[in-house]
Amino acid sequence: MSPGRFITLEGGEGAGKSTQLRALAAALRARAIDVVETREPGGSEGAEAIRALLLTGRADRWSPRAEALLFAAARADHIEKTIRPALKRGAWVLSDRFLDSSRAYQGQGELTDADIMTLHRIGSAGYLPDRTLLLTLPEEEATGRAKARDGDVSDRIGGRASDFHRAVANAFTRFARDETDRVHAVDASGPAEVVTVRLLEAIEDLLP
Ligand code: T5A
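Everything in this summary refers to the structure shown in the same document. (Residues numbered from 1 in each chain as written. Predicted model: local features only at pLDDT ≥ 70, side-chain atom pairs only at ≥ 80, totals over all residues. Heavy atoms only, no water.)

Now for the sheet that holds strand β3 (residues 92-96). Reading across from one edge, β2-β3-β1-β4-β5 is the order of the five strands in this open sheet, with parallel pairing throughout. Pairing within the sheet leaves two strands with one partner each, and these edge strands are β2 (35-39) and β5 (183-187). With strand direction ignored, the average angle separating the axes of adjacent strands in the sheet is 20 degrees. Pairing geometry for strand β4 (residues 131-136) and β5, over five bridges, is parallel. Counted as the bridge partner of L134 is A185 from β5. (Pairing = 2+ DSSP bridges. Helix = DSSP H or I, 4+ residues; strand = E, 2+ residues; numbered from the N terminus. Axes fitted to C-alpha atoms, helices over the stretch in contact; angles between N-to-C directions.)

Below you can see the structure in the form of C-alpha cells.
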C-alpha cells in the first residue's frame, strides 16, 4: 500500500481553493487514488459545530485569543477524527485550508506566528501537511470572483477590511518564501482547468 498524503490548499478569499480542491480530487481519483475531501474550519462533526460559532455572528463575537483557540480546538478534532484515520488506511486527504490559515489570519495583531504554532503544538502535536499549495491571485481578481459569487455578503472573518486581507496575503507569501519544501505557491489566475494542471505539477513528486 502506498502511503496516504496530506495536502492542504491555502490562499485568500475567492482564490479558487474549493473549486480546485474538487478538481484535484477528481484528477487523483482518475489515477485510482482514494481521496478524502475536507475543509477547515470543519471537517468533523465537532469541528463543523465550531465552524458555525466562528463564522457567524457579530464581528466582535470572539476576542482574537478566543478565536485562535477555537480554530485550534476545531483543528485538533479534525485531525483526530478525519485526517489521521484516512491517512492510516492509505487515502490522500485534501483540505480546503488548515494551519497556515490560522497563522495568516489569527497570527497578526495581538498574537504572533509563534503563539499560533504553540497552540498547534498543544492541540495537534505540531502536525504538518506533506504539501501546502498556496493559490495566489491579484487582490482585485480574487475580490471580483468572490463578489460575482456572493455579492456583498460575507462571513465574520471574510468581511474584514481590505488592509487585514492584504496582511493575510503577505503572511502567506512569507510562508512560501520561508518554507519552500512544504509550501508551494501556485498561480491561480486563468481558466480553472489550467490552474488544476499547475497544482498537479506541484505535487508530482508525491504521486505513487
Ligand atoms: N479562517 C479559516 C481563519 O481565519 N483561520 C483558520 O484557521 C481557518 C481554517 C473560512 C473563513 O475562515 C477563515 C478564513 C475564511 O475567512 P470559507 O467559507 O471556508 O471561510 O471560505 P474561504 O476559504 O474564504 O473560501 P471562498 O469560498 O471565499 O473562496 P475559495 O474557495 O478560494 O474560492 P471558490 O473556489 O469558491 O471560487 C470563488 C468563485 O470564483 C469562481 C468560482 O466558481 C466561485 O464562484 N472561480 C473562478 N472563476 C474564474 N476562473 C477561475 N479559475 C475560477 N476558480 C474559481
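We are not done yet, so read on.
Another aspect to go through is the site of the ligand. The environment of the ligand is made up of 27 residues, and the closest members are S18, T19, R97, S102 and R149. Between an oxygen atom of the ligand and a side-chain N or O atom of R97, the distance comes to 2.6 Å. With respect to the ligand, the side chain of R145 contributes an N or O atom lying 3.3 Å from a nitrogen atom. Protein coverage of the free-state accessible area of the ligand, which is 1,000 Å², stands at 82%. Contributing elements (two or more residues each) for the shell around the ligand: α1 (17-29), α2 (45-55), α3 (64-88), α4 (99-105) and α6 (139-150). Split by residue class, the shell around the ligand holds eight nonpolar, 10 polar and nine charged. (Near = heavy atom within 4 Å. Polar contact = N/O pair within 3.5 Å; in protein donor to acceptor, adjacent residues only side chain to side chain. Areas by Shrake-Rupley, 256 points an atom, 1.4 Å probe, with all protein chains shown as cover. Nonpolar A, V, L, I, M, F, W, Y, C, P; charged D, E, K, R; others polar.)

The next thing to look at is helix α5 (residues 113-124). Its 12 residues give α5 an end-to-end C-alpha distance of 16 Å, which sits within 8% of 16 Å, the value for a rise of 1.5 Å per residue. A125 lies just past α5 and shows a positive phi near 55 degrees. (Expected span 1.5 Å × (residues − 1).)

On to the nonpolar core, then. In terms of nonpolar packing, the biggest core is built from 25 residues, with I7, L24, L28, W92, L94, L133 and I203 touching the most fellow members. Taken together, the elements giving at least two residues each to this core come down to β1 (6-10), α1, β3, β4 and α8 (192-202). Considering every element that reaches this core, the biggest residue donor is α1, with five residues. Leave out the neighbours within four places in its chain, and L24 touches L9, L94, L133, T196, L199, L200 and I203. Grouped together as the second largest cluster of nonpolar side chains are 18 residues, I50, I157, V168 and F175 included. (Core = buried A, V, L, I, M, F, W, Y, C linked by side-chain atoms within 4.5 Å. Buried < 20%, exposed > 50% of the residue type's maximum accessible area, 1.4 Å probe, protein only. Contact = heavy atoms within 4.5 Å.)

This part is about the side chain of E40. Examined against the element boundaries, E40 turns out to sit in the loop between β2 and α2. A polar contact of 2.7 Å, which involves the side chain of E40, links it to the side chain of R75. There is a polar contact of 2.8 Å between the side chain of E40 and the side chain of H78. Filtering out sequence-adjacent residues up to four positions away, E40 remains in contact with R51, R75, H78, S95, D96, R97, F98 and L99.

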